[in-house]
Amino acid sequence: MYAYCPYDGTALGSREIDGRLRPTCPRCGFAYFKRVQIGANCVIERDGQVVLVRLNYGPRDGCWALPGGLVEPEETVEQAARRETTEETGYEVALDSLLSTWTRPGLETLIVTFRARVLRGELRPAPLEASEARWFGRDELPPEWELAWPSTVHALRVWQGRTAPVRNPFRGL
Ligand SMILES: [Zn+2]
């Protein structure tokens, strides 16, 4: 939350927009709405299989994740999904469609997952991020407690046809 306008430094006032009082700048009109980090992931598909990478750092060390990462300011979510996927798997991919989104109230993150297919490249994990990268069949995925994030669980359930793509009805996820 801002006390001063991030554009011109003016102390923010308060104005009702869309039924809520929001911090607003009396000078330039900036209004504070919830901002989120956007993560872009790929479900790379081939012959009914999907690629997962096994993280080797941080709190999810040893867990399986979809290739992906945070969107940088100068790129689209689609560009980020393809860039991160190449960095993490060695594959250049094309995006075929939107698979799912994931959000949770109170958490400032939106995860967007695309269906993708391999254009070229050889599967090799990025050594600084993953110890392993491999294909998994639809019915041979790791157990959900070995998946890195709730968004990973959600996207893979959607991919398996077990849940709807744009809702997150799972308590605890
Ligand atoms: Zn301002």
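These figures come from a predicted structure and were not determined experimentally.

Asker: Can you walk me through the coordination of the zinc ion in this structure?
Answerer: When four donors bind a metal tetrahedrally, each ideal donor-metal-donor angle is 109.5 degrees, and when six bind octahedrally, the ideal angles are 90 or 180 degrees. Here the zinc ion is held by the protein donor atoms Cys-5 (SG), Asp-8 (OD), Asp-8 (OD), Cys-25 (SG) and Cys-28 (SG), which lie 2.2 to 2.7 Å from it. Going along the chain, you hit the donors of the zinc ion in the pattern C-x2-D-x16-C-x2-C.

Asker: Could you clarify how one ought to interpret the packing of aromatic side chains in this entry?
Answerer: For any pair of aromatic rings, the description rests on two quantities: the centre-to-centre distance and the angle between the ring planes. Considering all chains together, one arrives at five aromatic pairs under this definition. Ring geometry for Tyr-2 versus Tyr-32: centroids 5.7 Å apart, planes at 80°, classification edge-to-face. Here Tyr-2, found in the segment before β1 (13–17), pairs with Tyr-32, found in the loop between β2 (20–24) and β3 (37–46); they are 30 residues apart in sequence, far enough to count as distant. We classify Tyr-2 as partly exposed; its relative accessible area is 38%. Aromatic pair Tyr-91 and Trp-135: ring centres 6.0 Å apart, planes at 50°, arrangement tilted. Of this pair, Tyr-91 sits in the loop between α1 (77–89) and β7 (92–103) while Trp-135 sits in strand β9 (residues 130–137), placing them 44 residues apart in sequence. There is no split in this pair, since Tyr-91 and Trp-135 are both buried. Joined through ring pairs, the aromatic side chains of Tyr-2, Tyr-7, Phe-30 and Tyr-32 make up one cluster. The ring of Phe-136 is capped by Arg-134, whose NZ or CZ atom sits 3.9 Å from the centre of that ring. Above the plane of the ring of Trp-159 lies Arg-138, whose end atom (NZ or CZ) is 4.3 Å from the centre.

Asker: In this structure, what is going on with unusual backbone geometry? I would like to understand it.
Answerer: A negative phi angle is the norm for most residues apart from glycine, just as the trans form is the norm for most peptide bonds. Of note, Asp-18 is a non-glycine position whose phi angle comes to about 50°, a positive value. Within the secondary structure layout, Asp-18 lies in the loop between β1 and β2. Unusually for a residue other than glycine, Asp-47 sits at a positive phi of about 50°. Relative to the assigned elements, Asp-47 resides in the loop between β3 and β4 (49–55). On the basis of relative accessible area, Asp-47 is assigned to the exposed category, the value being 74%.

Procedures and definitions
- Residues numbered from 1 in each chain as written.
- Predicted model: local features only at pLDDT ≥ 70, side-chain atom pairs only at ≥ 80, totals over all residues.
- Heavy atoms only, no water.
- Donors = N, O, S within 2.8 Å, 3.2 Å for Na, K, Ca; no water.
- Phe/Tyr/Trp six-rings, centres within 6.5 Å; stacked < 30°, edge-to-face > 60°.
- Helix = DSSP H or I, 4+ residues; strand = E, 2+ residues; numbered from the N terminus.
- Buried < 20%, exposed > 50% of the residue type's maximum accessible area, 1.4 Å probe, protein only.
- Lys NZ or Arg CZ within 6 Å of the ring centre and 35° of its normal.

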